[in-house]
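Here are the chains, one letter per residue:
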Amino acid sequence: MPIRTAAQFLDALKDDRDISIEGERVKDIAGDPRFAGAARAMARLMELQHEPGLHEIMTYESPDTGDPVGMTHLQPRTKDEVVARNDAIKVWMDESCGMLGRSPDFKNVMISAYAAAGERFDREAFEGGNNVRAFHRHVRENDLITTHVLVNPQVDRSRPAHLETSEVVAQIVGETDAGFTIRGARMVATLCALADELLVMPAASRWSDDVRDTTAFSFGFAIPVSTPGLRFICRPPVAQTNAPTLLDHPLSLQYDESDGLVIFDDVTVPWERTFIYRDPEFDQLVNPQSHTLPNTLMQSVVRATSKSEFMMALTLAVARASKIDVHNPVQVQLAETIAIAEFARTCRVAAEAEARETEFGTWVAGTRPLQTWQSMYWKMYNRQCEILNTLGAGGMVAVPSYAEVAGELRDNVEMYFQSANASSPERIKLLRLAFDASLSSFAGRQRLYEQFYTGDPMRTQALFYRTYDTDSHIDRIHAMLDDLEKRDAGR
């Protein structure tokens, strides 16, 4: 099957997946108001691949069938192909204002990286190379959407999750000729209600040598979300699903991806879907050896570029509406949000410019600009929200429903909600969008996502420090001081 249409995507949601939210199992994902908006948004992404003006950007020819397949499945073989894949990602990100953190491209680039490094999965414990390559072809040729879970539940955070004696943590509990059995839970499955496949990879940050046997916690695989025994419990929606108009919650009613806890109730994982099995040593090697970090961070930088550009544009529009953009202090804050957008864009450009070839013949973006973005962007995104809140001020607190424009008090609304450069309907629409982007439950979830979705920011920043060439810079300082001392002695 080549690239899917919106109708094909929505039809695929009618399987027997076990999705629970607010105490009930949902039978009709696309028809349930808690998932419907995001389902339509995802369907729109599928349709963009078919648009004549975007088709060449969004697709390439399948090496297996010759059919058009999604560009985000590409395993770049040149620097230009790194850029081309990013261009496709940017189309999707601009469509969703960068608010879909787990649009299909996020997992597509990761799976592509694993498959390119397939030989690394052929280990003494289990030979998974062919399986991971086959899975890449499967998602590419069927235009599938994948979610993932990489983190153990937060039971006792004072100790590693794999040392828990309870059965909460997902673990291997048996095996047969057909596959192995897994029981327990994992988090966080963002987009689980809308995905076709679930990717499960090693969760441990480290294994200590002096602890109990950890092989039961070491596994990597992918299975359909409708697999028997697989359950997802989702958080409540962040949107007011009974809102009278989409304009009241324009982001949250479209882009609430949902997040869920995955429960494995003695789920059978077929051997042909297994990538890693009882191999704790490989848990720490799989990502660096397959270059997944530069691939996933590159996708994230492109998304952040779209997101920060959207937040910048929204802030500029809010300031223009009431003419506060004529004041120097306001212009300083507007310049700051512009600079944040340019920071994200510059990180993309720099990472593409420093792209390099891997030992597998694929190309990945330069790591240092990506780590720079990873260390700083979540703070900058918070700052963009803060600037928007500051400039929107009380107007964002008091903005009514857009339904008031046609309500009984429409004459009052027309008179009292206007601003210097915007009619009442224009201003209400604008401020409802600003509220949803920076103050709503949706906005709070976006901030938390940016802070933690690539891991604990303290760990990632510490890793940036440990992998940075600090010695050469320190040596420069001491060399300068030694030189000054010699010159001073010769005066």
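Quantities reported herein were computed from a predicted structural model and do not represent experimental measurements. (Residues numbered from 1 in each chain as written. Predicted model: local features only at pLDDT ≥ 70, side-chain atom pairs only at ≥ 80, totals over all residues. Heavy atoms only, no water.)

Trainee: Even after reading the chapter, I still don't get the packing of helix α12 (residues 367–392) against helix α17 (residues 457–467), so can you show me in this structure?
Mentor: For the pair α12 and α17, interaxial distance at closest approach is 10 Å and the crossing angle is 145°. Crossing of α12 against α17: the hand is left-handed. Together, R368, Q371, T372, Q374, S375, W378 and K379 of α12 and P457, T460, Q461, F464 and T467 of α17 make up the contact between the two elements. Partitioned by chemical class, the residues of the contact of α12 with α17 number three nonpolar, seven polar and two charged. (Axes fitted to C-alpha atoms, helices over the stretch in contact; angles between N-to-C directions. Helix = DSSP H or I, 4+ residues; strand = E, 2+ residues; numbered from the N terminus. Left-handed = near helix turned anticlockwise from the far one by under 90°. Contact = heavy atoms within 4.5 Å. Nonpolar A, V, L, I, M, F, W, Y, C, P; charged D, E, K, R; others polar.)

Trainee: Please explain the pairing of strand β7 (residues 179–186) as it appears in this structure.
Mentor: One face of the sheet, then the other: side chains in a regular strand alternate in exactly this way. With seven of its eight residues buried, β7 lies for the most part within the structure. Where strand β6 (residues 171–175) and β7 come together, four bridges link them in antiparallel fashion. Of the residues in β7, the one forming a bridge with Q171 is R183. Hairpin geometry of β6 and β7 is characterised by an intervening segment of three residues between the two adjacent antiparallel strands. As paired strands, β7 and strand β11 (residues 260–270) are joined by seven bridges and run antiparallel to one another. Within β11, the residue paired with F180 across the bridge is V269. (Buried < 20%, exposed > 50% of the residue type's maximum accessible area, 1.4 Å probe, protein only. Pairing = 2+ DSSP bridges.)

Trainee: Any chance you could explain the side chain of S375 here in plain terms?
Mentor: By the secondary structure assignment, S375 is in helix α12. Taking the relative accessible area as the measure of exposure, S375 reaches 6% and is therefore buried. Among residues more than four places away in sequence, those in contact with S375 are Q461 and F464.

Trainee: What is the right way to look at helix α15 (residues 424–438) in this model?
Mentor: One full turn of an α-helix is made of 3.6 residues, so residues set three or four places apart face in the same direction. Given a rise of 1.5 Å per residue, 15 residues ought to cover 21 Å, and the 21 Å separating the end C-alpha atoms of α15 matches this to within 8%. Listed in full, the buried residues belonging to α15 are S424, P425, I428, L430, L431, R432, A434, D436, A437 and S438. Looking at the buried positions of α15, the neighbouring elements they touch are α7 (252–255), α10 (292–321), α12, α13 (394–398), α14 (410–416) and α16 (441–452). (Expected span 1.5 Å × (residues − 1).)

Trainee: Please explain unusual backbone geometry as it appears in this structure.
Mentor: Leaving glycine out, the prevailing phi sign among residues is negative, and the prevailing peptide bond configuration is trans. The peptide bond linking M187 to V188 adopts the cis configuration, its omega dihedral lying at -5°. When you line up the elements, V188 lands in the loop between β7 and β8 (197–200). With a phi angle near 60°, C97 is a residue other than glycine that sits in the positive phi range. Along the chain, C97 falls in the loop between α4 (79–95) and α5 (104–116). Exposure remark for C97: the relative accessible area of 16% places this residue in the buried category. Within the chain, K323 stands out as a residue other than glycine whose phi angle is a positive 65°. Note that K323 resides in the loop between α10 and α11 (328–353). Note on K323: relative accessible area 43%, which makes it partly exposed.

Trainee: Would you mind going over the pattern of salt bridges with me for this structure?
Mentor: Opposite charge on two side chains permits them to pair, given that their charged atoms come into close proximity. Evaluation of the coordinates by the stated rule reveals 35 salt bridges. Across the salt bridge formed by R120 and E359, the nearest N and O atoms sit 3.2 Å from each other. One end of the pair, R120, is in the loop between α5 and α6 (129–142); the other, E359, is in the loop between β13 (356–357) and β14 (363–364), and 239 residues separate them in sequence. Taking relative accessible area as the criterion, R120 reaches 26% and is therefore assigned partly exposed. The shortest N-O distance in the salt bridge between D265 and R231 comes to 3.0 Å. In this pair, D265 sits in strand β11 while R231 sits in strand β10 (residues 230–234), placing the two residues 34 residues apart along the sequence. (Salt bridge = Lys/Arg side-chain N within 4 Å of Asp/Glu carboxyl O.)

Trainee: I tried to follow the pairing of β10 on my own but got confused; where do I start?
Mentor: Burial along β10 is one-sided: the face carrying L230, F232 and C234 is buried and the face carrying R231 and I233 is not. For strand β1 (residues 19–21) and β10, the ladder comprises three bridges, and the chain directions are parallel. Its bridge partner lying in β10, I21 is registered against C234. Bridging between β10 and β11 involves five bridges; their strand directions are antiparallel. Residue pairing for β11: F232 is matched across the bridge by V262.

Trainee: Even after reading the chapter, I still don't get the sheet that holds β10, so can you show me in this structure?
Mentor: Here we have six strands laid out as an open sheet, ordered β2-β1-β10-β11-β7-β6, and mixed in their pairing. In this open sheet, the two strands that pair with only one neighbour each are β2 (24–25) and β6.

Trainee: Teacher, can you tell me more about a nonpolar patch on the surface here?
Mentor: Together, I477, M480, L481 and L484 give the surface a local cluster of nonpolar side chains, amounting to about 370 Å² of exposed area. For L481, a relative accessible area of 47% puts it in the partly exposed group. (Patch = residues over 30% accessible without salt bridge, like charges linked within 9 Å, V, L, I, M, F, W, Y side chains within 5 Å. Areas by Shrake-Rupley, 256 points an atom, 1.4 Å probe, with all protein chains shown as cover.)

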